[in-house]
Amino acid sequence: MRLGASIKVQRSNADGARRFFQAIAALRGEPAGVKVGFPAGKASGEIIERAVYNEFGTRHIPERPFLRNAMRANRTKYVDGMKSEVRQIIADAIKGRTRARPIESALNRLGIVAVGDIQDEITALSSPPNAASTIRQKGSSNPLIDTGAMRAAVTHQIVRGGLGGILRSLRGSTSLRL
């Protein structure tokens, strides 16, 4: 059987395709994404409030967008990492190799990397600087670190909802090429 002018479907390809679609069907119960930052139930209300005030600013606190900065600076790394993970999962499925909870494992790895990136941004962010009175009060010029509790509370949480969410998130502005 010939498809188009250049693709010949052979029995081994058909078997691979069948295994691939069986593997995709088995992944339907897999998680759909990962939330990184201060997911509800994972951080105290006080920490979440402090993070929001610093991220977006208030009348008295200037905006210090550590979450948005970290996500913007590392978006390509995250997308490329997930593309690589998905390619490997699909390649394994076609070859009949299965791993326990492959999507969840990939999302956990991504979450750990993103948590580190956010924590690095909290440590590195220096502008706008603290007021002189704030520096005297807390004994540090780092705008986002007082006790270190906010930085330590950054975490990730797996979001359930099926494989479709992951594939949709990978489409974005760059194509997924397998």
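Asker: Explain the nonpolar core to me, and be specific about the residues and the numbers.
Answerer: Residues Phe38, Phe66, Ile122 and Met150 are the most contacted members of the largest nonpolar core, which totals 14 residues. Those elements that place two or more of their residues in this core are α2 (45-56), α3 (66-94), α4 (102-124) and α6 (149-153). Not counting chain neighbours up to four residues away, the residues in contact with Phe66 comprise Phe38, Ala51, Asn54, Glu55, Ile118, Glu121, Ile122, Leu125, Leu144 and Met150. By size, the runner-up hydrophobic cluster in this structure holds nine residues, among which are Ile89, Ile103, Ala106 and Leu107.

Asker: I'd like to hear about unusual backbone geometry, residue by residue, with values.
Answerer: Note the cis peptide between Ser127 and Pro128, where omega equals -5°. If you trace the backbone, Pro128 turns up in the loop between α4 and α5 (132-138).

Asker: Which residues make up the confidence of the model for the protein, and what values go with them?
Answerer: Within the protein, residue pLDDT values average 77, and 71% of them lie at 70 or more. α6 holds the highest mean pLDDT among the elements of the protein, 93, whereas strand β1 (residues 2-3) holds the lowest, 37. Confidence drops under a pLDDT of 50 for residues 1-12, and excluding neighbours within four residues, the segment shows six contacts in the predicted structure. Note on residues 169-178: pLDDT under 50 across the span, and 16 contacts to partners over four residues away in sequence or across chains.

Asker: Break down the side chain of Asp92 for me, citing the residues and quoting the values.
Answerer: Summarising the element assignment, Asp92 is placed in helix α3. The exposure class of Asp92 is buried, given its relative accessible area of 7%. Here the side chain of Asp92 touches Gln88 through a polar contact of 2.8 Å, side chain to side chain.

Asker: Please give an account of α2 that cites residues and values.
Answerer: Helix length check: α2 (twelve residues) gives 16 Å between terminal C-alpha atoms against 16 Å at 1.5 Å per residue, within 8%. Listed as buried for α2 are Ile47, Ala51, Asn54 and Glu55. Projected down its long axis, α2 carries its buried residues within an arc of 100°, all on one side. Those residues of α2 that are exposed and angled more than 90 degrees off the buried face are Gly45, Glu46 and Phe56.

Conventions adopted
- Within each chain, residues carry numbers counting from 1 in the order of the written sequence.
- The predicted origin of the model limits local features to residues at a pLDDT of at least 70 and limits the giving and counting of side-chain atom pairs to 80 or more, whereas totals for whole chains, interfaces and linings rest on all residues.
- Excluded from the side-chain calculation are hydrogens and water; included are all heavy atoms of the structure.
- Definition of nonpolar core: a set of buried residues of the types Ala, Val, Leu, Ile, Met, Phe, Trp, Tyr and Cys, connected through side-chain atoms within 4.5 Å.
- Relative accessibility thresholds used throughout: buried, under 20% of the residue-type maximum; exposed, over 50%; partly exposed, between the two (1.4 Å probe, protein chains only).
- Strands are runs of DSSP state E lasting at least 2 residues, helices are runs of H or I lasting at least 4, and numbering of each runs from the N terminus.
- Should any heavy atoms of two residues lie within 4.5 Å, those residues are counted as being in contact.
- A residue's pLDDT is the predictor's confidence in that residue, given on a scale from 0 to 100.
- Counting of polar contacts relies on pairs of N or O atoms within 3.5 Å, with two restrictions inside protein: one atom must be capable of donating a hydrogen and the other of accepting it, and residues adjacent in sequence are counted only when both atoms are side-chain atoms.
- The span one expects for a helix is its residue count, reduced by one, times 1.5 Å.
- Read the arc as the range of directions from the helix axis to the C-beta atoms.

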